[in-house]
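A structural walkthrough
Listed below, chain by chain, are the residues.
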There are 4 protein chains.
Amino acid sequence: MQDFAKVAQSHPNKINLDESLYTSALKAIEECGAACTSCADACLSESNVQQLTKCIRLNLDCADICDATSRVLMRQTQPDMDVLRNQVETCMLACRSCGGECARHSHHEHCKACAASCQNCESECEDLLKAFPAKA
Amino acid sequence: MQDFAKVAQSHPNKINLDESLYTSALKAIEECGAACTSCADACLSESNVQQLTKCIRLNLDCADICDATSRVLMRQTQPDMDVLRNQVETCMLACRSCGGECARHSHHEHCKACAASCQNCESECEDLLKAFPAKA
Amino acid sequence: MQDFAKVAQSHPNKINLDESLYTSALKAIEECGAACTSCADACLSESNVQQLTKCIRLNLDCADICDATSRVLMRQTQPDMDVLRNQVETCMLACRSCGGECARHSHHEHCKACAASCQNCESECEDLLKAFPAKA
Amino acid sequence: MQDFAKVAQSHPNKINLDESLYTSALKAIEECGAACTSCADACLSESNVQQLTKCIRLNLDCADICDATSRVLMRQTQPDMDVLRNQVETCMLACRSCGGECARHSHHEHCKACAASCQNCESECEDLLKAFPAKA
């Protein structure tokens, strides 16, 4: 089990979301943030970096958005569910955008692996959003 | 002038948003992120911290969301405007939520100042959103 | 295998550090950053939050420092090894400080699990530092 | 006055550092983090991006390190001064490294402005470090 899951399971005030969907989405978001930071950097070392500038830009955005989303989603104390929902939606959009661009460069193994991570994260965010309570 | 504005004005590919609204929103988001980190910490030192836990939680969320929003909004290279719009909307919501809670504790000068920073940021995000192109 | 490791293995310009130590340290730093964000939040929900303010503060620092360290360490393109070494040292110190404080509250299961994560990360950083080239 | 300074001045437990040096360093670190995020992105849009990959990498590191440093330094509740000192030292090194590389590309106005921001931040960190208490 991941360290954060061990910490989270003794939280005195658990968030009102299905625990399995919640943990699985958080894992995907954490993984995707790291994959995007790493892919931006791998693209920067490619000899055709000039063709990869949009990919780098979307990787940097997706990394920043995933990292912020995982932090706000990880907090279970007295959440504002409307803020969380909107942030998870933004994360889903960022993953779709970045994953689509990475897929166009799948001859680079790092872009191919990053596209898979983005697509998994997009899908996990989508599933989690269905479990959110209706808008306030 | 702020350092980022000096850097941004020689960007070879400027973002397609009104420059004055854009710079002003970025300044407000940067200021609000810092104000929220500082207010969470000031609340933590208050003798009635037990009554401030929701405020701290929303401050931490607002800080993470503002900091991520300012980074993605600051990038002007080949943006995905739908991702940016959604992130700015989330920032507006986070500021509204955090500013509302801080305002309930305005007998603490730090909460009062943080509420003002959140309200300014919310309003700047709202103005900037009106300048965004229609959804793709 | 983690997503970032899949991305990193096709990086065109690998960093000059033992790959097994490097990957293992990055994993520990990522896990610890998330554990600390989660523990700060769990402490905030405890009825004795007043006794946990130092723990929350050190958790927030350790989360910010781990998250920044994992990003700079993950980049393999033309690194400044002196900057990386200093950042990894700071991460080791932050984990020691936070892990020590969490260990004092190990009757809370989340503090106990977070202390273990911090101790693992401190030890991984220490091992990685031995593999760094001598100071420039 | 900046918003965070307004929040910070009513903190119930002020940090044991000269207030003027402290506020001035925090301002420089915040400005430099934003300047580096912006410069990395401006470099990415340059036609000679291939010659700017080291600059982009150091900009991204410096942005992440400044942003984490400003957060941990901004917290005044029960600090671990050894962790803070080490993080401010790392920030100083990152600014020196990034500022030096940006200065090599000062024919780009954004690199010239970013180099000035880095040099100011390096100098502010150096001054603040002299005000720190002796190592524990």
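See the structure above.
Residues numbered from 1 in each chain as written. Chains lettered and ligands numbered in written order. Predicted model: local features only at pLDDT ≥ 70, side-chain atom pairs only at ≥ 80, totals over all residues. Heavy atoms only, no water.

1. Concerning the overall build of chain A
Note the threshold: Secondary structure elements follow DSSP: runs of H or I of four or more residues count as helices, runs of E of two or more count as strands, with numbering from the N terminus. Our radius of gyration is a C-alpha quantity, and the globule rule it is checked against amounts to 2.2 Å times the number of residues to the power 0.38. The buried label goes to any residue with under 20% of its type's maximum accessible area, the exposed label to any with over 50%, and the partly exposed label to all in between, with areas taken from a 1.4 Å probe on protein chains only. Contacts are assigned to residue pairs that have any heavy atoms within 4.5 Å of one another. Note on areas: these come from Shrake-Rupley sampling with a 1.4 Å probe, and a residue is covered only by the protein chains present in the view.
Helix and strand counts for chain A stand at five helices and zero strands. In chain A, the succession of α and β elements from N to C terminus is α-α-α-α-α. Its C-alpha atoms give chain A a radius of gyration of 16 Å, within 12% of the compact-globule value 14 Å for 136 residues. The principal-axis extent of the C-alpha atoms belonging to chain A is close to 50 × 30 × 20 Å. Relative to its 136 residues, chain A shows a buried fraction of 65%. Contacts spanning at least 24 positions in sequence make up 76% of the contacts within chain A whose residues lie at least 6 apart. Of the roughly 4,600 Å² that chain A leaves accessible, carbon and sulfur atoms contribute 46%.

2. Focus: the relation of the copies chain D and chain B
What counts here: What sets the superposition is a least-squares fit of C-alpha atoms, and only residues with pLDDT of at least 70 in both copies go into it.
Under the fitted operation, chain D is carried onto chain B by 0.0 Å of movement along the axis and a turn of 180°, and the coordinates agree to an RMSD of 0.0 Å. With respect to symmetry, the two chain copies, as superposed, fit the operation of a two-fold axis. Both copies share a contact surface, since 100% of the interface residues of chain D are interface residues in chain B too.

3. Description of the interface of chain D and chain B
Stated formally: Buried area, as used here, totals the accessible surface that two parts lose on assembly, with accessibility defined by a 1.4 Å probe and the loss added over both. Salt bridges are identified by distance alone: a Lys or Arg side-chain nitrogen within 4 Å of an Asp or Glu carboxyl oxygen. Here a polar contact is taken to be a pair of N or O atoms separated by no more than 3.5 Å, where protein atoms must pair a possible hydrogen donor with a possible acceptor and residues adjacent in sequence count only if both atoms sit in side chains.
Facing the 35 residues of chain D at the interface are 35 residues of chain B. Carbon and sulfur atoms supply 54% of the area that chain D and chain B bury against each other, a total of about 3,000 Å² over both sides. At the surface where chain D touches chain B, the tally comes to four salt bridges. Across the pair arginine 71 of chain B and aspartate 64 of chain D runs a salt bridge whose closest N-O atoms are separated by 2.8 Å. The interface formed by chain D and chain B contains 18 residue pairs in polar contact (both at pLDDT 80 or more). Mapped onto the side of chain D that touches chain B, the elements with two or more residues apiece are α1 (3-8), α2 (19-44), α3 (53-74) and α5 (109-130) of chain D.

4. Here's the deal with the interface of chain C and chain B
Counting residues at the interface gives eleven residues for chain C and eleven residues for chain B. When chain C packs against chain B, the two sides together hide about 850 Å² of surface, and 62% of this comes from carbon and sulfur. Among the residues chain C hides against chain B, the three largest losses belong to Leu44, Val49 and Gln50 of chain C. Together they make up 50% of the total. At the boundary of chain C with chain B, the tally comes to zero salt bridges. Taken together, chain C and chain B are joined by zero residue pairs in polar contact (both at pLDDT 80 or more). For the side of chain C that touches chain B, the elements supplying multiple residues, two or more each, are α2 (19-44) and α3 (53-74) of chain C.

5. Thoughts on the relation of the copies chain C and chain B
Overlay of chain C on chain B (RMSD 0.0 Å): rotation 180°, translation along the axis 0.0 Å. Both copies present the same face, since 100% of the interface residues in chain C are matched by interface residues at the equivalent positions in chain B.

6. Concerning the pattern of salt bridges
Within the structure shown, the criterion is met by 48 salt bridges over all chains. Across the pair arginine 71 of chain B and aspartate 67 of chain D runs a salt bridge whose closest N-O atoms are separated by 3.0 Å. Of this pair, arginine 71 of chain B sits in helix α3 (residues 53-74) while aspartate 67 of chain D sits in helix α3, each in a different chain. Measuring nitrogen to oxygen at the nearest pair gives 2.7 Å for the salt bridge that ties arginine 75 of chain C to aspartate 64 of chain D. Of this pair, arginine 75 of chain C sits in the loop between α3 and α4 (81-103) while aspartate 64 of chain D sits in helix α3, placing the two residues on different chains. Judged on exposure class, the residue arginine 75 of chain C and its partner aspartate 64 of chain D are both buried.

7. Here's the deal with the packing of helix α2 (residues 19-44) of chain B against α3 of chain B
Residues and elements named next belong to chain B. Going by this rule: Simply put, an axis is a line fit to the C-alpha atoms, just over the touching stretch for a helix, and the angle between two N-to-C directions goes from 0 to 180 degrees. By the definition adopted for this analysis, an angle is roughly parallel if under 35 degrees, roughly antiparallel if over 145, roughly perpendicular if from 65 to 115, and oblique otherwise. The crossing is said to be left-handed when, going from far helix to near helix, the turn is anticlockwise and less than a right angle, and right-handed when the turn is clockwise. Only Asp, Glu, Lys and Arg are considered charged, only Ala, Val, Leu, Ile, Met, Phe, Trp, Tyr, Cys and Pro nonpolar, and every remaining residue, Gly among them, polar.
Running from N to C, α2 and α3 cross one another at 155°; their axes reach a closest spacing of 8 Å. Judged by the inter-axis angle, α2 sits roughly antiparallel to α3. Crossing of α2 over α3 shows left-handed handedness. Where α2 abuts α3, its residues Tyr22, Leu26, Ile29, Glu30, Cys32, Gly33, Cys36, Thr37, Cys39, Ala40, Cys43 and Leu44 lie against Cys55, Ile56, Asn59, Leu60, Cys62, Ala63, Cys66, Asp67, Thr69, Ser70, Leu73 and Met74. Partitioned by chemical class, the residues of the contact of α2 with α3 number 17 nonpolar, five polar and two charged.

8. Focus on helix α3 (residues 53-74) of chain A
Note the following rule: Given a helix with a known number of residues, its expected span is that number minus one, times 1.5 Å.
For α3 of chain A, spanning 22 residues, the distance from its first C-alpha to its last is 31 Å, which sits close to the expected 32 Å at 1.5 Å a residue. Extensive coverage of α3 of chain A is indicated by the burial of 20 of its 22 residues.

9. Section: the side chain of aspartate 64 of chain C
For aspartate 64 of chain C, a relative accessible area of 5% translates into the label buried. Side chain to side chain, aspartate 64 of chain C and arginine 71 of chain A meet in a polar contact 2.8 Å long. Each residue touching aspartate 64 of chain C, except ones within four places of it in the same chain, is listed here: Arg71 of chain A together with Ala68, Arg71, Val72 and Arg75 of chain D.

10. Overview of the side chain of glutamate 30 of chain D
Quick reminder of the rule: Positive charges come from Lys and Arg alone, negative charges from Asp and Glu alone, with His and the N- and C-terminal ends not counted.
For glutamate 30 of chain D, the location among the structural elements is in helix α2. In this structure, glutamate 30 of chain D is buried with no salt-bridge partner, the nearest side chain bearing the opposite charge being arginine 71 of chain D at 7.3 Å. The contact partners of glutamate 30 of chain D, leaving out residues within four places of it in the chain, are Glu30 and Ala34 of chain B together with Ser70 and Met74 of chain D.

11. Here we look at the environment of asparagine 48 of chain A
Residue and element names in this part refer to chain A. Checked against the element boundaries, asparagine 48 lands in the loop between α2 (19-44) and α3. Exposure remark for asparagine 48: the relative accessible area of 22% places this residue in the partly exposed category. Separated by 37 residues in sequence, asparagine 48 and histidine 11 have C-alpha atoms that sit 48 Å apart.

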